[in-house]
Every structure is written in structure tokens, then in C-alpha cells.
Amino acid sequence: MATRTSKPKKPPAPSAEPAACKPCGGTGNVPTTVRVGRKRRTVGQQDGLCLNCFGSGTDPGA
């Protein structure tokens with residue numbers, strides 16, 4: 001009896017868009033609280049660099 005050969009299976013195609021970073025939601029910026037004065041009272045927020053993805057917006061674990 002003849003042996004049967006099969007074609008090698010192709011790996012699944014990678015997704016077109018990389019996964020978004022969870023803390024910043026893919027924007028690369030996170031809100032940072034601004035404090036002033038000796039008692040360090042909160043006066044507002046400003047944009048800060050996301051330390052998880054370093055501003056790229058993509059999930060480093062994916």
C-alpha cells in the first residue's frame with residue numbers, strides 16, 4: 001500500500017493591527033495628577049507618557 005503524504009499546514013496569518021496597550025488604551029498618554037504647594041494639594045491633570053508601552057500605544061506583551 002502506498003504511503004499518503006499531506007501538505008504542510010500554513011500558520012495562521014498575524015492580525016493586521018497590533019493589540020492596544022491596556023493602561024493608555026493605545027494613545028500612548030496617561031493622565032498624571034498635578035500637585036502644588038507645601039501640602040501638595042491636587043489642582044488638575046496633565047498628559048504623561050505611558051510607562052507600559054513607552055508611548056508607542058501597542059501592547060508590549062503581544
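Residues numbered from 1 in each chain as written. Predicted model: local features only at pLDDT ≥ 70, side-chain atom pairs only at ≥ 80, totals over all residues. Heavy atoms only, no water.

Caption draft 1: Up close: the overall build of the protein chain. A count of helices and strands for the protein chain gives zero helices and two strands. Computed over the C-alpha atoms, the radius of gyration of the protein chain is 23 Å, more than 25% above the 11 Å expected from 2.2 N^0.38 for a compact globule of 62 residues. Dimensions of the protein chain, computed from the C-alpha atoms along their principal axes, are close to 90 × 20 × 10 Å. For the protein chain, with 62 residues in total, the buried portion stands at 13%. Look at the contacts in the protein chain between residues 6 or more apart in sequence, and 39% of them connect residues 24 or more apart. Roughly 5800 Å² of accessible area belongs to the protein chain as shown, and the carbon and sulfur atoms make up 53% of that amount. (Helix = DSSP H or I, 4+ residues; strand = E, 2+ residues; numbered from the N terminus. Rg over C-alpha atoms; globule rule 2.2 N^0.38 Å. Buried < 20%, exposed > 50% of the residue type's maximum accessible area, 1.4 Å probe, protein only. Contact = heavy atoms within 4.5 Å. Areas by Shrake-Rupley, 256 points an atom, 1.4 Å probe, with all protein chains shown as cover.)

Caption draft 2: Broad picture of the nonpolar core. Ranked by size, the top nonpolar core spans five residues in total: Cys21, Cys24, Val30, Cys50 and Cys53. Other than its neighbours up to four places away in sequence, Cys53 contacts Cys21, Cys24, Gly28 and Thr58. (Core = buried A, V, L, I, M, F, W, Y, C linked by side-chain atoms within 4.5 Å.)

Caption draft 3: View of the pairing of strand 1 (residues 29-36). Bridge analysis of strand 1 against strand 2 (residues 41-49) gives eight bridges, and the strand direction is antiparallel. Across the sheet, residue Pro31 finds its bridge partner in strand 2, namely Asp47. Once strand 1 ends, the chain turns through four residues before running back antiparallel as strand 2, passing Gly37 with a positive phi of about 85°. (Pairing = 2+ DSSP bridges.)

Caption draft 4: The environment of Ser56, seen in detail. Of note, Ser56 is situated in the segment after strand 2. Among the polar contacts listed, one links the side chain of Ser56 to the side chain of Thr58, at a separation of 3.2 Å. (Polar contact = N/O pair within 3.5 Å; in protein donor to acceptor, adjacent residues only side chain to side chain.)

Caption draft 5: Representation of a nonpolar patch on the surface in the model. Judged by side-chain polarity, Leu49, Leu51 and Phe54 come together as a nonpolar surface patch covering roughly 390 Å² of accessible area. Considering the arrangement of structural elements, one finds Phe54 in the segment after strand 2. (Patch = residues over 30% accessible without salt bridge, like charges linked within 9 Å, V, L, I, M, F, W, Y side chains within 5 Å. Salt bridge = Lys/Arg side-chain N within 4 Å of Asp/Glu carboxyl O.)

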